[in-house]
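The residues making up each chain are set out below.
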Amino acid sequence: MNVQNNTSAYTGSVSIEGMTCASCVGRVEKALNKIDSVESVSVNLATEKATIHSNQPINYAEVFKAIERSGYSVAQKPSIELIIEGMTCASCVGRVEKALKKVDGVSRANVNLTTEKAVIQTYTDVSINTLIAAIERAGYNAKSAEQNQTEQLDRKANEQQILKRDLIIATVLAVPVFILEMGSHMIPAFHHFIATQIGTLNSWYIQFILTTLILLFPGRRFYQKGIPALFRLAPDMNSLVSVGTLAAYSFSVVATFIPTVLPQGTVNVYYEAAAVIVALILLGRFFEAKAKGKTSQAIQHLVGMQPKTARVEQSGQLIEIPIAEVLSGMIVEIRPGERVPVDGSVVFGQSYIDESMITGEPIPVEKSIGSSVVGGTVNQKGNIQIKATAVGSDSVLAQIIHMVEQAQGSKLPIQALVDKITMWFVPIVMLLALLTFLAWFVFGPEPALTFGLVNAVAVLIIACPCAMGLATPTSIMVGTGRGAEMGILFRKGEALQLLKEARVVAVDKTGTLTEGKPTLTDFEVITGFNENDVLLKVASVEDKSEHPIAQAIVTAAKARNLILKDVQNFNSVTGYGIEATVENSEIHIGADRFMQKMGLDVTIFNQTAQRLGLEGKTPLYVAIDHQLAAIIAVADPIKVTTFSAIQALHQLGLTVAMITGDNRHTAEAIAKQLNIDKVIAEVLPDGKVEAVRQLKQLYGRVAYVGDGINDAPALAEAEVGLAIGTGTDVAIEAADVVLMSGSLLGVPNAIALSKATIDNIRQNLFWAFIYNAALIPVAAGILYPHFGILLSPVFAAGAMALSSVFVLGNALRLRAFSPIAITGY
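Residues numbered from 1 in each chain as written. Predicted model: local features only at pLDDT ≥ 70, side-chain atom pairs only at ≥ 80, totals over all residues. Heavy atoms only, no water.

**Some details on the UniProt feature "transmembrane region" (unreviewed entry) in the protein chain**
Here is step 1 of the chain: In the numbering used here, UniProt assigns the feature "transmembrane region" (unreviewed entry) to residues 167-190, 202-219, 240-262, 268-287, 421-443, 449-472, 765-784 and 790-812.
Here is step 2 of the chain: Across residues 202-219, helical content stands at 83% and strand content at 0%; the span's end C-alpha atoms are separated by 24 Å.
Here is step 3 of the chain: Here residues 765-784 is 85% helix and 0% strand, with 29 Å between the C-alpha atoms at its ends. (UniProt positions renumbered as here; feature names shortened; annotations may be inferred. Helix = DSSP H or I, 4+ residues; strand = E, 2+ residues; numbered from the N terminus.)

**Some points on the sheet that holds strand 5 (residues 80-85)**
Here is step 1 of the chain: Strand order across the open sheet formed by four strands is 6-7-5-8, with antiparallel pairing between neighbours. Lying at the two open borders of the sheet, with one neighbouring strand each, are strand 6 (106-112) and strand 8 (141-144). Here the strands of the sheet are splayed against their neighbours by 25° on average, with no regard to which way each runs.
Here is step 2 of the chain: Examined bridge by bridge, strand 5 and strand 7 (residues 117-122) share four bridges and lie antiparallel to one another. Note on strand 7: the bridge partner recorded for E81 is V119.
Here is step 3 of the chain: Helix 3 (residues 90-101) rests against strand 5, strand 6 and strand 7 of the sheet, and its axis sits at about 160° to strand 6.
Here is step 4 of the chain: The strands touched by helix 4 (residues 128-137) are strand 5, strand 6, strand 7 and strand 8; relative to strand 5, the strand with the most contacts, the crossing angle is about 30°. (Pairing = 2+ DSSP bridges. Axes fitted to C-alpha atoms, helices over the stretch in contact; angles between N-to-C directions. Contact = heavy atoms within 4.5 Å.)

**A few points about a positive patch on the surface**
Here is step 1 of the chain: A surface patch of positive charge is lined by K30, K34, K65 and R69.
Here is step 2 of the chain: As for its placement among the helices and strands, K65 is situated in helix 2 (residues 60-69). (Patch = residues over 30% accessible without salt bridge, like charges linked within 9 Å, V, L, I, M, F, W, Y side chains within 5 Å. Areas by Shrake-Rupley, 256 points an atom, 1.4 Å probe, with all protein chains shown as cover. Salt bridge = Lys/Arg side-chain N within 4 Å of Asp/Glu carboxyl O. Lys, Arg positive; Asp, Glu negative; His and termini not counted. Charge placed at Lys NZ, Arg CZ, Asp CG, Glu CD.)

**Structural notes on a nonpolar patch on the surface**
Here is step 1 of the chain: A cluster of nonpolar residues, W424, I428, L431, L432, L434, L435 and L438, forms a patch on the protein surface that exposes about 700 Å² of accessible area.
Here is step 2 of the chain: Checked against the element boundaries, L435 lands in helix 14 (residues 415-443).

**Overview of helix 7 (residues 200-216)**
Here is step 1 of the chain: Across its 17 residues, helix 7 extends 24 Å between first and last C-alpha, which sits within 8% of the 24 Å expected from 1.5 Å per residue.
Here is step 2 of the chain: Within the span of helix 7, buried status applies to S203, W204, Q207, L210, T211, T212, I214 and L215. (Expected span 1.5 Å × (residues − 1). Buried < 20%, exposed > 50% of the residue type's maximum accessible area, 1.4 Å probe, protein only.)

**Concerning the sheet that holds strand 16 (residues 378-379)**
Here is step 1 of the chain: Strand order in the open sheet formed by three strands is 14-13-16, with antiparallel pairing between adjacent strands. Of all the strands in the sheet, just strand 14 (365-367) and strand 16 have a single pairing partner and so form its edges.
Here is step 2 of the chain: Bridge count between strand 13 (residues 351-354) and strand 14: three bridges; the pairing is antiparallel. Of the residues in strand 14, the one forming a bridge with I353 is V365.

Have a look at this one:
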């Protein structure tokens, strides 16, 4: 260990992963000591931390690279989530991210305009206050996101109410201004009325007062954000509105009060432009706020699933307590029609529970003693008591909400280009507006000053990057929210894009295509034998074995309420089967060769045996007192939804491959039944990763579907891993997408939802970019020389508001996404 220099000006620490011995410590210390500014390093193997002393601010990026070069990795700290207030467009997002990334120790910052959240990843301890200060320096407000959903919803509802109030005030004040100015231009009689009854100057005075009130009160929000952003040389959408409206307003004020300073023929007022622009942009903001609220309805719906109180047993009595006070181990009573308050296990009673909010499946599930239940689901008829097993953030519902929020707050690869463009977009627009003004002022017809001002204002107003900023996050929010309602949870937003690009879907057989547990599927007896009597005797013998096939036969007998008998002389005949005595009857169970060894003819079952072979099942024969009695087949039955799921995958143009440890004959038989394209059989657990790699080489991107536990390496190897399971059995950490239902139908539905969401994003981006590319030249006056057409700043403001509303409205169409496959109930 190096000796610490505690007099160093700067000290920091990082957590390191992968160190196992003292030589690892030495390698890391050596790598860090090579950094010029580092004076000393102390690496502790027990705490897995490196403490760095430096004579200048620590360059964590350089530290990070040095550790990686030495063969180890820096452990990422738990992500920090902040709520950002004051963002209005994509350029705001870029500025907040840029400010956060400048903070020492921040490795990644992801800001979402729609959720108004920032998720910050660090590789050293960074205080929340430091991050908030950085955001405030960028001109925005921030606070920790560690507040409940209700508080956030209340805050958004309050913001929406304030927007509505300001919109009403602005509209009431802007309408008279618009009528006084535009009415006199459009209707000659009205112009004559103004001139004779009110007076043109008096009309301008009235417009001045009303417009000033609009800018001072409802419009104040634009100047409070936009002007400081200009001084920071980081203009945003508010800056565009501020400069545009102030230019129109200032010119009008000069024309009203000191007209002599203006060139002859340019004395006009544009109060209506400033007033109506503010009203229209507030209208757009209000519609945006309402639409944003709808995009997060899936989360709100999930939050609403959680009951506020629970009825628990304490000192022999049932009392109602707040849900936050329920502890693991408490006994909770749930009456018919009530929601299950917490995750738990049934200890008394029997009922059916509607788990559609978790699995997307509409049929209630039977629950009895020992069954697990999930908080938020609905108890149907019976009165049950459960023992709480998971409360608070450990509950399935809490994890679902967390996963949906994570996915909604993430960025897709498609967003990277948008971010780069929007960072430069506003400054470029301001430059274009300036060039527009100069071009009209120098080359335009008289009054050149007026033409230059009006067209420059139109460019500033129409080119708002709001639509670009909203294009991707709104679609992600609605798409992932709709997925959650269908029992499809995208753990990572990137999975939305990658799933669309999958070319082959690889599925594990056991528990994915099949039920995951052997069941007695075929049982035929020869005339003269009683079916229940034969099954009873066979099950009594098989009860002595722990083999899954034996247990399937025992389960089938118990399901018929057959009481097993005592067994004597139990013997396993290697390579043939088993024999025993039950109620003085000699029982022999085994393959056809066992029967042939005993001299029994099995040809009577030839047709049945042939059918079982085609289905991939291995038949077992039963002899009682040396007479052939029955043929039995045990198999892992295919789920009823598997057939339609594979058909749906083929309809989507995908190749379906099955990876299984079963023998090739059984695997090929099942593949033929299900119309599966490719079979990789007899694969050991550690060979599944290699199987996924083979499929990548053959077909391209792979989506792997497994149970999420045994298949974890394969799930990680595939471009997208989908864990299929039910409720609490889902291995959340192993996959990119979690399918809460046990049905394979979730896979084609997830892929179809991915395609719909990415298509929706592309439509939004196309509209946002084409809109700006087409209308900025029009606003600048490119059509005037040939067609005499100019775009009024008022119409520019309306078009700008419409573009954002269009993008949000298009994203909301995803709420109507329907599963592509019928669930088969």
